[in-house]
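Remarks on the overall topology
What follows is the residue order along each chain.
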Amino acid sequence: MTHHQPDLDTSPKVSDEVRKTTCYMCACRCGINVHMKEGKVAYIEGNKDHPVNKGVLCAKGSAGIMQHNAPSRLRAPMKRVGERGSGEFEEISWDEALKIAKGHLEPIRNEAPEKLAFFTGRDQSQSFTGFWAQAFGTPNFAAHGGFCSVNMAAAGIYTMGGAFWEFGQPDWDLTKMVMIFGVAEDHDSNPIKMGIGRAKKNGAKIVGVNPIRTGYNAVADEWVGITPGTDGLYILSMIHCLMKAGKIDLDYLARFTNASVLINEDPNSEERGLFLKDSDGQPQVIDRNTGKLAPWNGQGVEPDLSGTFHDKGVTHRPVFHQMAEKYLSEEYAPEAVADRTGISAAKIRTMAAELARVAFDEEISVDREWTDFRGKKHAKMVGRPVSFHAMRGISAHSNGFQTCRALHVLQILLGTVETPGGMRFKPPYPKPATAHPKPHGKVTVGKPLDGPHLGYVHGPDDLLLQEDGSPTRIDKAYSWDNPMSAHGLMHMVISNAHAGVPYKIDTLFMYMANMAWNSSMNTSGVMKMLTDKNEDGTYVIPNIIYSDAYSSEMVAYADLILPDTTYLERHDCISLLDRPISEADAVADAIRWPVVEPDRDVRGFQSVLCELGAMLDMPGFVNEDGSQKYADYGDYITNHIRRPGVGPLAGFRNEDGSGKGRGDVNPNQLQAYIDNGGFWVEHVPEEAAYYKPFNNAYQDWAVKMGFFDAVQPYIFQLYVEPMRKFQLAAEGVGTRQPPEHLRAQIKKTMDPLPIWYAPFEDSHVDVDEYPVHALTQRPMAMYHSWGTQNAWLRQIHGHNPLYVPTKIWEANGFEEGDWAKVESVHGAIVVPVAHQASLNENTIWTWNAIGKRKGAWALDEKAPEATKGFLMNHLIHELLPPKGDGLRWSNSDPITGQAAWFDLRVKISKSDTPNEALPVMPAIKSPVGKGPSKLTWKVGK
């Protein structure tokens, strides 16, 4: 019998065309090749030429097809016809939608601009949305950073001019030891995975510090299962060990930090704790060459860490002396912190010793000359090959700012920042706090705000306060409540607007911020606030305008919906003015562009803002004759000039495309990006690769590229003087004084040297009754709430159990298939449980944003996300529990206002198995119907 081989096409036609753009399935901003067949998206792969991912693409990126074709996509503008929260809408034209929006916004702008609260979520276009809000004139603008990781970013900027992720990265190729703290698995995931792979291949040791061992921690060589909220204590204990052993880089500290800067120590002076400065305002050091005072940046100066200066009866000692006194205290000894951190004293000492061994015994050097800002020539670039990486896990606590500062100080003490093998900044960073704008909040009717909304304060004089001392902003950012809130407090906007504190607003305008579900603490409370009415039947928050691409839970709570496009149908700008895609050795930015045209009546939100700006006659959005200045967002990206020679995109400037960083407008700039794969990259000169804040070659290159307009080297701020100025105010110094109820908090928490204090919830609840820590993490396969509507990704995470450690599992007699009741002082949930041995013994956790509300995202009401999926958010509140002092304190870091998601304390017990996870919210009507029960996907032949 003859065997016939099947007739197979071994070289099928993959696509008609490949269109290169930037992924939007998380915040990595990887380069992708979008394969097209018959004008439709066939499949998506990584772009091998792209500087971020070099061809690597994760499950999210590949599943972008299903995001682009999701049944939950909004189809047209809509206005609410039922009650808020019902999901009842009717589709309208864009002309009507824009007319309604103008009807809300125009009277506000002409009468009281502050009555508009404009807040955006993870939109990656903050430079543009901030520009729009500034032109409108409202002080009330921010993006999602206040509930994401502002503690990490702000602590890094104030301490050393940048932090991790978009600001910096480990020197993956040269490092020999990497410690990661609380890194979310959806953040920068492809570059981190690639980096860890390279580091391990080179023999580096990876240490994961996290209460939960999954993802990056699962592939780490060593796991430290720390107690949540105690990372700062652990770090400061290691600093104690290193200082006691003399294992710190004294030369690095003297040259490149303010450890040598002199501090006024007169207890009776109003300048106690402040730097000694000369007539030019420059902080003073003792020069080892002369033994005399000198400015920190003086040419040829060799700062002395040990010198003391006496003048008119006042002693001035270097910062380093105060650090030694603070951190050599026995309160930071490993034996004193072991019980609280859940890490044995022996293990703390061993880890500190290992850091020291790698840093000092395995020193590396690069034969590359460089000159520092004091004119000293160095023959080599010396590196201590220890590096760190950290994100939300240590940031989202009420002590997160100081914890992040402690980690940055640990790096600096070891001499591992901007040195070979250590932590490296990504251009246009580093930028210290003094290089950033200060926040602005002066409102003038019918005029733009007096400057950018967000920035970095340097003392009480920079706070945004009204004449009576109350906050200028609706979220209370840059007030005495949260003085250094560099990203705003998005999680407090709805609560404050509902309470009318500090004042009532008229319109809440939001973009891509699912505040009615997974992006809010106190979910049921927020939904009630959004639907609450006055006695006359009007809503407490009168008007809500919302833009999203999908039928999220928040859509149901808006009055007007402006439907956005998917990321494959729009222009976007990943800009140096915002959050670029740079790597340590190269500056880079990128675009998205409409690789396909929408098949629905939707418009890119940024293009809609261009239209609204013109309709409202806003400066910057109209020409001299009153006509619309930018036809759409693509036009804005091409033609907007932020300052001379600098626009949203740094590549291919000038009419011939020759401009790099600076240059005139190029009308063909977007096409140049498209032709280049959707990105632009320029490598850092070799002599400028390390020591960027102090390196003359880097400073000159940075000015040439337009990162800033003048050379401005700086030193790292181990001691953050602006924090001491706030403490002085709380001690009664100065004309701007905090309210009485905040004095003690400011004095305690705003120490200019990193400290640790227990998370606030610990002192507001009975920790014996609520002994368990409860956390959420984002999985690699999901990003915020977008992913769990995605047909492919749902197969990975269709629902989420509550993971329970062995100690709690056995104490409650849990078995596979059981459910548990989890209670906080605020609420309760009933959820399925699963056993996980690789957990801190007093910590439970789950994946975030898997659970969905019935009726949202075009999912069936019986979908597992709506029955077995759940949110930990139901247990959290934006305010701390009452403490008997008559006040409700914000559940936030008192310095920056970062939402304290991970301070949650709960108790857990076995529960009868319900039909579905509790609580169950009433279903909302889907304005886009339901998706098909089965989804098949095939494009072309």
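Residues numbered from 1 in each chain as written. Predicted model: local features only at pLDDT ≥ 70, side-chain atom pairs only at ≥ 80, totals over all residues. Heavy atoms only, no water.

Moving on, we come to the overall build of the protein chain. What the protein chain contains, in helices and strands, is 25 helices and 34 strands. By the compact-globule yardstick of 30 Å for 941 residues, the protein chain fits well, its C-alpha radius of gyration being 27 Å. Dimensions of the protein chain, computed from the C-alpha atoms along their principal axes, are close to 85 × 85 × 70 Å. Residues counted as buried form 65% of the 941 residues belonging to the protein chain. The contacts in the protein chain between residues at least 6 apart in sequence include a share of 71% that link residues at least 24 apart. Separation of charge centres in the protein chain, based on 97 positive and 114 negative side chains, amounts to 2 Å. (Helix = DSSP H or I, 4+ residues; strand = E, 2+ residues; numbered from the N terminus. Rg over C-alpha atoms; globule rule 2.2 N^0.38 Å. Buried < 20%, exposed > 50% of the residue type's maximum accessible area, 1.4 Å probe, protein only. Contact = heavy atoms within 4.5 Å. Lys, Arg positive; Asp, Glu negative; His and termini not counted. Charge placed at Lys NZ, Arg CZ, Asp CG, Glu CD.)

Let's shift gears to the pairing of strand 23 (residues 507-511). Regular strands place side chains that alternate from one sheet face to the opposite one. For strand 23, the buried fraction is high: five of the five residues fall into the buried class. Burial along strand 23 is two-sided: Thr507, Phe509 and Tyr511 and Leu508 and Met510, pointing in opposite directions, are all buried. Inspection of the sheet shows strand 6 (residues 116-120) paired to strand 23 by five bridges, in the parallel sense. Counterpart to Phe119 in the pairing with strand 23 is Met510. As judged from the five bridges shared by strand 23 and strand 24 (residues 543-548), these two strands associate in the parallel manner. Considered in strand 24, the bridge of Thr507 is made with Asn543. Considered for its hand, the β-α-β crossover made up of strand 23, helix 16 (residues 523-531) and strand 24 is right-handed. (Pairing = 2+ DSSP bridges. Right-handed = clockwise from strand over helix to strand, strands pointing away.)

Residue Pro428 follows Pro427 across a cis peptide bond; omega there is 15°. With an omega of 10°, the peptide bond between Val501 and Pro502 qualifies as cis. Tracing the chain through its elements places Pro502 in the loop between helix 15 (490-499) and strand 23. Here Lys54, not a glycine, exhibits a phi torsion of approximately 50°, which is positive. Structurally, the position occupied by Lys54 is in the loop between strand 3 (40-46) and helix 1 (59-62). The phi dihedral of Glu418 falls on the positive side, at around 65°, and the residue is not glycine.

Turning our eyes to something else, we now look at the packing of helix 5 (residues 150-160) against helix 14 (residues 400-413). Where helix 5 meets helix 14, the closest approach of the two axes is 8 Å, and the angle between their N-to-C directions is 45°. The orientation of helix 5 with respect to helix 14, classified from their angle, is oblique. The way helix 5 lies across helix 14 gives a crossing that is right-handed. The segment helix 5 lies against helix 14, with Asn151, Met152, Ala154, Ala155, Gly156, Tyr158, Thr159 and Met160 engaging Gly400, Phe401, Cys404, Arg405, His408, Val409, Gln411 and Ile412. Each residue belonging to the contact of helix 5 with helix 14 can be placed in one class, and the counts come to nine nonpolar, six polar and one charged. (Axes fitted to C-alpha atoms, helices over the stretch in contact; angles between N-to-C directions. Parallel < 35°, antiparallel > 145°, perpendicular 65-115°, else oblique. Left-handed = near helix turned anticlockwise from the far one by under 90°. Nonpolar A, V, L, I, M, F, W, Y, C, P; charged D, E, K, R; others polar.)

With that settled, consider the pairing of strand 27 (residues 586-592). When you tally the buried positions in strand 27, you get seven out of seven residues, the bulk of the element. Residues Ala586, Ala588, Ala590 and Arg592 of strand 27 are buried on one face, and the alternating residues Val587, Asp589 and Ile591, pointing to the opposite face, are buried as well. As judged from the three bridges shared by strand 26 (residues 572-574) and strand 27, these two strands associate in the antiparallel manner. The residue of strand 27 that forms the bridge with Ile574 is Ala590. Here strand 27 pairs with strand 28 (residues 679-683) via five bridges, running antiparallel. By the bridge assignment, Ala590 is partnered in strand 28 with Phe679.

Bringing the sheet that holds strand 28 into the picture now. Here we have three strands laid out as an open sheet, ordered 26-27-28, and antiparallel in their pairing. Single-partner strands in this sheet number two, and they are strand 26 and strand 28. Taking the axes of each pair of neighbouring strands and ignoring which way they run, one obtains an average angle of 5° across the sheet. Of the strands in this sheet, strand 27 and strand 28 are in contact with helix 20 (residues 696-705), which crosses strand 28 at around 150°.

Overall, the coordinates contain 41 aromatic pairs when judged by the stated rule. Residues Phe118 and Phe605 carry aromatic rings whose centres are separated by 6.4 Å and whose planes lie at 40° to one another, so their mutual orientation is tilted. Of this pair, Phe118 sits in strand 6 while Phe605 sits in helix 17 (residues 605-615), placing them 487 residues apart in sequence. There is no split in this pair, since Phe118 and Phe605 are both buried. Here Trp809 and Phe814 contribute two aromatic rings whose centre-to-centre distance is 5.5 Å and whose plane-to-plane angle is 50°, an arrangement assigned as tilted. Each member of the pair, Trp809 as well as Phe814, is classed as buried. By the ring-pair criterion, three or more aromatic residues cluster together here, those being Phe118, Trp132, Phe136, Phe141, Phe509, Tyr511 and Phe605. The aromatic ring of Tyr539 is capped on one face by Arg84, whose charged end is 4.0 Å from the ring centroid. Sitting above the plane of the Tyr24 ring, Arg592 keeps its charged end 4.0 Å from the centroid. (Phe/Tyr/Trp six-rings, centres within 6.5 Å; stacked < 30°, edge-to-face > 60°. Lys NZ or Arg CZ within 6 Å of the ring centre and 35° of its normal.)

All quantities given are derived from atomic positions and should not be read as evidence of function.
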